[in-house]
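This is what each chain is made of:
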Amino acid sequence: MGITTLDPQHPLAGLDLTPFAFTRRCWADATPDSVYRLISDVSLIERWSPSASEVSYAPGDGPWVGARFSGLNRRDQREWVTHSEVVQADPGLAFAFVVGGADHGIVRWSWHFREQGTGSIVEQSWQLLRTDPVLGATREDVIALRDHMADSAEATLLALAEWIVADRTR
């Protein structure tokens, strides 16, 4: 994904990005270290996410800052491949990546973990970093994307929490 400069006349040029972020959270019956290991193994995300599959690190890469991975995404009967870069990898605390790479990415996904009782509060955040024509042609397109991603994050968190419980009984 290369850098795209919007024409100053494009409807998204100059868009205030502040409202294009969200955080969702859930409680999971696992320690922060255990949840971190699951999330930082990006190949596992398809077990929980309704929007991502075929995710894998580049050969020789893993869950550390600077590592790169790709994955297949889908929305509204469309599929596309994204390329991402890990920008935070703090075992048991946080894992984050930027779609498009750290220097010129479009979206930052972050996961944070903190102990609560016998398990963890797991937070998943999404933040639009810049506009790009790939996001759509209008503000409404970007709002629809944000809302879709928020729904996907909620579904992912719930599926993760349920999978952790079910995995113990297998």
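To be clear, the structure that these remarks concern was listed above.
For the structure given in this document, a descriptive report is provided here. Small disclaimer: the values here were computed from a predicted structure and weren't measured.

Procedures and definitions
- Residues numbered from 1 in each chain as written.
- Predicted model: local features only at pLDDT ≥ 70, side-chain atom pairs only at ≥ 80, totals over all residues.
- Heavy atoms only, no water.
- Phe/Tyr/Trp six-rings, centres within 6.5 Å; stacked < 30°, edge-to-face > 60°.
- Helix = DSSP H or I, 4+ residues; strand = E, 2+ residues; numbered from the N terminus.
- Buried < 20%, exposed > 50% of the residue type's maximum accessible area, 1.4 Å probe, protein only.
- Pairing = 2+ DSSP bridges.
- Axes fitted to C-alpha atoms, helices over the stretch in contact; angles between N-to-C directions.
- Contact = heavy atoms within 4.5 Å.
- Polar contact = N/O pair within 3.5 Å; in protein donor to acceptor, adjacent residues only side chain to side chain.

As a further point, take the packing of aromatic side chains. Pairs of aromatic rings are described using the distance from one ring centre to the other and the angle between the two planes. Under the defined criterion, the tally for this structure stands at eight aromatic pairs. Considering the side-chain rings of Y36 and F95, the 6.1 Å spacing of their centres and the 80° angle between planes classify their relative orientation as edge-to-face. With Y36 in helix α1 (residues 32-40) and F95 in strand β5 (residues 94-99), this pair connects stretches of sequence that are 59 residues apart. Accessibility assignment for this pair places Y36 and F95 in one class, buried. Measuring from centroid to centroid gives 6.4 Å for F95 and F97, while their planes differ by 55°, and the two rings are tilted. The pair formed by F95 and F97 is uniform in burial state, with each residue classed as buried. One aromatic cluster is present, built from ring pairs that chain together Y36, Y57, F69, F95, F97 and F113.

Once that is clear, we can look at the sheet that holds strand β2 (residues 52-57). Taking strand neighbours across the sheet as the criterion, the seven strands line up as β1-β7-β6-β5-β4-β3-β2 in an open arrangement whose pairing is antiparallel. Strand pairing shows two members of the sheet lacking a second neighbour, β1 (21-28) and β2, which therefore form its edges. On average, adjacent strands in this sheet sit at an angle of 20° to one another, irrespective of strand direction. Of the strand pairs in this sheet, strand β3 (residues 68-75) and strand β4 (residues 78-90) are connected by eight bridges, and their pairing is antiparallel. Its bridge partner lying in β4, S70 is registered against H83. Sitting on the sheet, α1 touches β1, β2, β4, β5, β6 (107-116) and β7 (119-128), and the angle it makes with β6 is about 160°.

Another aspect to go through is the pairing of β7. With nine of its ten residues buried, β7 lies for the most part within the structure. Where β1 and β7 come together, eight bridges link them in antiparallel fashion. In the sheet register, A21 faces β7, and the bridge partner there is Q127.

With that settled, the discussion passes to the environment of V55. If you trace the backbone, V55 turns up in strand β2. Using a relative accessible area of 9% as the deciding quantity, one classes V55 as buried. For the pair V55 and S43, spaced twelve residues apart in sequence, the C-alpha to C-alpha distance is 4.9 Å. Excluding its chain neighbours within four sequence positions, the residues that come into contact with V55 are V42, S43, I45, E46, F69, S70 and G71.

Our focus in this paragraph is the side chain of N73. Along the chain, the position of N73 falls in strand β3. In this structure N73 comes out as buried when scored by relative accessible area, which is 17%. A polar contact of 3.0 Å, which involves the side chain of N73, links it to the side chain of T82. Excluding its chain neighbours within four sequence positions, the residues that come into contact with N73 are S51, A52, R78, E79, W80 and T82.

One non-glycine residue with positive phi stands out, namely D76, at about 50°. For Q77, which is not a glycine, the phi torsion comes out positive at approximately 60°. Locating Q77 in the fold gives a position in the loop between β3 and β4.

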